[in-house]
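# Breakdown of the fold
The primary structure of each chain is shown beneath.
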Amino acid sequence: MMPRKPLLNTRQISVAAVLGGLSLITEAFGLSLPGYLPGVNFNLVGAYLSIATMAAGPLGGIIVTILDSFTSSVGFYGLPFYWPHVFFLALFYKRIYSMKSTAMKVVGYWVVTAVALFIQYWGWFFLYVYVFKFATTIWPLAVYNFVGVIPYATFLAIYALIPGFVLVTAPNFVRPNWNFPYLKWVTAASIILSAIAVASQAGLR
Amino acid sequence: MILGTILDTSPCLGQACYVPGLQLDSTTQTAGAIVMIIIVLALAWYGNRKWRSPSQEMIGAAPA
């Protein structure tokens, strides 16, 4: 019989717990960059969850989002809407990490993060329309974030700048020696579920 | 029931949920965010030195 391998080792659990704890504290004290939406700031959870996903895989990222949600200004409503980003980043991260050229690594990381963030955003539009009633459809939020550029660019910087710097300067800390079963399918499922949710608030009928 | 309680009480848009009455101005918020980022970088730097090879990745493993 093959010995069973744990999903996370001690180091990975520790890294996820510490980053999740830091994220919880950051949210609890409101340490974020102001000016995103009424009552919602540019929070730093993206930096924490990205580094945790790099070092400990999707479960690491998920642990961070759970701990963060205890003190997040959108509470546990936001929890599942981080996960498409976590899974998408994890899906491509090992390939990025194994690139020989530092420049290619950085470019690859920013590109994957930009796409992951774009995907993630739509689930949040659903949340802001369906739960928080910031608008009657998702489209004003889409225009504000993507056409207005600055909100998307700010979040992209939060999700990519520090984790990208860590990738280049502290590679042992974020070495991806984790495994996650059926990652491709789980990623696809999370994106499809998010798409269904956002389609329900697109006002297409 | 626990989940229901959390969902009822969690959204507190625009304020820090678990430090009642705390209202930081935007400069303090931004400065605090920068301090947290420095802490993360310090953690990554420490971990990078501690786990130089895959064999050292378990907590408490002796360096080679």
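Structure: above.
Let us look at the structure shown here. (Residues numbered from 1 in each chain as written. Chains lettered and ligands numbered in written order. Predicted model: local features only at pLDDT ≥ 70, side-chain atom pairs only at ≥ 80, totals over all residues. Heavy atoms only, no water.)

### What to know about the overall build of chain B
Regarding its fold elements, chain B presents two helices and zero strands. Across the 64 residues of chain B, 25% fall into the buried class. (Helix = DSSP H or I, 4+ residues; strand = E, 2+ residues; numbered from the N terminus. Buried < 20%, exposed > 50% of the residue type's maximum accessible area, 1.4 Å probe, protein only.)

### Considering the nonpolar core
Membership of the largest hydrophobic core comes to 71 residues, with the highest contact counts inside it found for Tyr128, Phe173 and Val174 of chain A. In terms of residues, this core owes the most to one element, helix α4 (residues 102-130) of chain A, which gives 14 residues. When residues no more than four places from it in sequence are discounted, the contact partners of Phe173 of chain A are Arg11, Val15, Ile51, Ala55 and Val166 of chain A together with Leu43, Ala44, Gly47, Asn48 and Trp51 of chain B. (Core = buried A, V, L, I, M, F, W, Y, C linked by side-chain atoms within 4.5 Å. Contact = heavy atoms within 4.5 Å.)

### A closer look at the pairing of strand β1 (residues 33-37) of chain A
Residues and elements named next belong to chain A. Summarising the sheet, β1 and strand β2 (residues 40-42) pair through two bridges and their orientation is antiparallel. Within β2, the position partnered with Leu33 by the bridge is Phe42. Between β1 and the antiparallel strand that follows it, β2, lie two residues; Gly39 among them carries a positive phi value of about 85°. (Pairing = 2+ DSSP bridges.)

### Topic: the packing of aromatic side chains
Residues and elements named next belong to chain A. Tallied over the entire structure, the rule returns 30 aromatic pairs over all chains. Look at Tyr36 and Phe155: their rings are 5.0 Å apart centre to centre, the planes differ by 90°, and that puts the pair in the edge-to-face class. Within this pair, whereas Tyr36 is found in strand β1, its partner Phe155 is found in helix α6 (residues 150-169), the two being separated by 119 residues in sequence. With respect to burial, Tyr36 and Phe155 carry one shared label: buried. (Phe/Tyr/Trp six-rings, centres within 6.5 Å; stacked < 30°, edge-to-face > 60°.)

### Quick word on the side chain of His85 of chain A
All names here are of chain A. For His85, the location among the structural elements is in helix α3 (residues 79-97). Within polar-contact distance, the side chain of His85 engages the backbone nitrogen of Leu117 at 3.4 Å. Excluding its chain neighbours within four sequence positions, the residues that come into contact with His85 are Leu49, Ser50, Thr113, Ala116, Leu117, Gln120 and Tyr159. (Polar contact = N/O pair within 3.5 Å; in protein donor to acceptor, adjacent residues only side chain to side chain.)

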